[in-house]
Amino acid sequence: MAQVYVGTSGYSYRDWVGPFYPYGIRQEQMLAFYAEEFSFTEINSTFYRLPPAKMFESMLKKVPQNFLFTVKAFQGLTHQRGETVREEAAKMAEAIKPLVNEGRLGALIFQFPYSFKAKPENRDYLERLREFFPDAPLVVEFRHYSWLNSETWSALRALGMGYVCVDAPRLRGLPGGAVQATSPVAYVRFHGRNAAMWWEHEEAWQRYDYLYTEEELCEWVPKIKFLERNSERVFIAFNNHFGAQAVFNARMLRKLLGVDY
């Protein structure tokens, strides 16, 4: 049976002060406080800018030895995919080297846009990514339903890449709640079910402004048990971060699963 890690997508949010963090906490203190309760976090800032390796060196000093990080790949590798991809991949690999060397990288996450559909050239691109990161645990999140087929599952297994299972609004074109274990690392991301704000919103956080009910999370318990039986590690990240709703739901799911980390 796999080890299950439940945490949140990001941890450094000012609107978590009060609901989760104590008043008066400094931003540089947040990770250590977070790590007192959770055993992993998903780093999303790396999607917007390529970080220096020293960022992760600093983070490692603030958390226990068993704490893991999952890291979202830079958007140049998933959204632009231009002529500088190879150079950006090299910089990304250099950035995560401290985590890799310490055995603390849970997964490198490639979240592709809705426009990235299941086409031969895009399947070929997944092979390029594996070549860029030959030894790292890679997981892929698709935002378009066209990927939900046996050809995709076979391709991911052949590449040793995990499929990111997604809970999101049940809107036409989105991949829905498909569950597959295609590598030793299984991954689930909870984005919330705020259908009204998914496509049209003024601020990015509005898309993820959602609090799951216990009944909604119960739907995922047998699915997560399936992943647990068919992988070595299962990471579950709550991305409904507005107002620390991710923390509340992570606690709720841990209770439902009977895990304490």
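Residues numbered from 1 in each chain as written. Predicted model: local features only at pLDDT ≥ 70, side-chain atom pairs only at ≥ 80, totals over all residues. Heavy atoms only, no water.

Peer 1: Summarise a negative patch on the surface; cite the residues concerned and give the values.
Peer 2: Taken together, the side chains of Glu 121, Asp 124, Glu 127 and Glu 131 make up a negatively charged region of the molecular surface. Position of Glu 131 relative to the elements: it lies in helix α5 (residues 120–132). (Patch = residues over 30% accessible without salt bridge, like charges linked within 9 Å, V, L, I, M, F, W, Y side chains within 5 Å. Areas by Shrake-Rupley, 256 points an atom, 1.4 Å probe, with all protein chains shown as cover. Salt bridge = Lys/Arg side-chain N within 4 Å of Asp/Glu carboxyl O. Lys, Arg positive; Asp, Glu negative; His and termini not counted. Charge placed at Lys NZ, Arg CZ, Asp CG, Glu CD. Helix = DSSP H or I, 4+ residues; strand = E, 2+ residues; numbered from the N terminus.)

Peer 1: Outline the nonpolar core, supporting the account with residue identities and numerical values.
Peer 2: Grouped together as the largest cluster of nonpolar side chains are 76 residues, with contacts concentrated most on Phe 133, Ile 236 and Phe 238. Among the elements that take part in this core, helix α10 (residues 245–257) stands out by supplying five residues, more than any other. Not counting residues within four places of it along the chain, the set of residues in contact with Ile 236 comprises Val 4, Tyr 5, Val 6, Gly 7, Phe 40, Val 188, Phe 190, Ile 224, Leu 253 and Leu 257. Core analysis: the next-biggest nonpolar cluster, separate from the first, contains 16 residues, Ile 109, Val 139, Val 166 and Phe 235 among them. (Core = buried A, V, L, I, M, F, W, Y, C linked by side-chain atoms within 4.5 Å. Buried < 20%, exposed > 50% of the residue type's maximum accessible area, 1.4 Å probe, protein only. Contact = heavy atoms within 4.5 Å.)

Peer 1: Got a sec to walk through α10? Specific residues and values, please.
Peer 2: Side chains three or four residues apart in an α-helix point the same way, a direct result of the helix having 3.6 residues per turn. Counted at 1.5 Å a residue, the expected span for α10 with its 13 residues is 18 Å, and the 18 Å between its end C-alpha atoms agrees. When we look at burial in α10, the residues that qualify are Gln 245, Ala 246, Val 247, Asn 249, Ala 250, Leu 253, Arg 254 and Leu 257. Residues of α10 that are buried sit in contact with β1 (3–9), β7 (185–190), α8 (214–218), α9 (221–229) and β8 (233–238). Phi turns positive one or two residues past the end of α10, at Gly 258, with a value near 75 degrees. (Expected span 1.5 Å × (residues − 1).)

Peer 1: Which residues make up the sheet that holds β8, and what values do they have?
Peer 2: Strand order in the closed barrel made by the eight strands is β1-β2-β3-β4-β5-β6-β7-β8, with parallel pairing throughout. Strand-to-strand, the axes of this sheet are offset by a mean angle of 25 degrees, without reference to chain direction. Where α5 meets the sheet, it contacts β4 (105–111), β5 (138–141) and β6 (161–167), and its direction lies at approximately 150 degrees from that of β5. Lying over the sheet, α10 contacts β1, β7 and β8, oriented at roughly 165 degrees with respect to β1. (Pairing = 2+ DSSP bridges. Axes fitted to C-alpha atoms, helices over the stretch in contact; angles between N-to-C directions.)

Peer 1: Tell me about the packing of aromatic side chains, and please be specific about residues and values.
Peer 2: With the rule as written, the count across this model stands at 29 aromatic pairs. With centroids separated by 5.1 Å and ring planes inclined at 65 degrees, the aromatic side chains of Phe 40 and Phe 235 adopt a geometry described as edge-to-face. Separated by 195 residues along the polypeptide, Phe 40 in strand β2 (residues 40–43) and Phe 235 in strand β8 bring together distant segments of the chain. Taken individually, Phe 40 and Phe 235 each receive the classification buried, so the pair is uniform in this respect. Every member of this aromatic cluster is reached through a ring pair, and the members are Tyr 11, Tyr 13, Trp 16, Phe 20, Tyr 21, Phe 33, Tyr 34, Phe 38, Phe 67 and Phe 69. Cation over ring: Lys 72 sits above Phe 47, and NZ or CZ is 4.6 Å from the ring centre. Over the aromatic face of Trp 220 sits the side chain of Lys 223, whose NZ or CZ is 4.6 Å from the ring centroid. (Phe/Tyr/Trp six-rings, centres within 6.5 Å; stacked < 30°, edge-to-face > 60°. Lys NZ or Arg CZ within 6 Å of the ring centre and 35° of its normal.)

Peer 1: Could you give an account of the packing of α5 against helix α6 (residues 150–159), with specific residues and numbers?
Peer 2: Axis separation between α5 and α6 bottoms out at 10 Å; the angle between their running directions is 15 degrees. As the angle between them shows, α5 and α6 are arranged roughly parallel. For α5 against α6, the interelement crossing comes out right-handed. Contacts between α5 and α6 involve Arg 123, Leu 126, Glu 127 and Arg 130 from the former and Glu 151, Leu 156 and Leu 159 from the latter. Of the residues contributing to the contact of α5 with α6, the split by class is three nonpolar, no polar and four charged. (Parallel < 35°, antiparallel > 145°, perpendicular 65-115°, else oblique. Left-handed = near helix turned anticlockwise from the far one by under 90°. Nonpolar A, V, L, I, M, F, W, Y, C, P; charged D, E, K, R; others polar.)

Peer 1: Tell me what's going on with the pattern of salt bridges, and back it up with residues and numbers.
Peer 2: Taken as a whole and judged by the stated rule, the model has 14 salt bridges. Asp 167 is the salt-bridge partner of Arg 193, the closest N and O atoms lying 2.8 Å from each other. In this pair, Arg 193 is assigned in the loop between β7 and α7 (195–198) and Asp 167 in strand β6, connecting sequence segments 26 residues apart. For Asp 167, a relative accessible area of 4% puts it in the buried group. Three or more residues are tied together by salt bridges with common partners; here these are Asp 167, Arg 170, Arg 193, Glu 216 and Glu 219.

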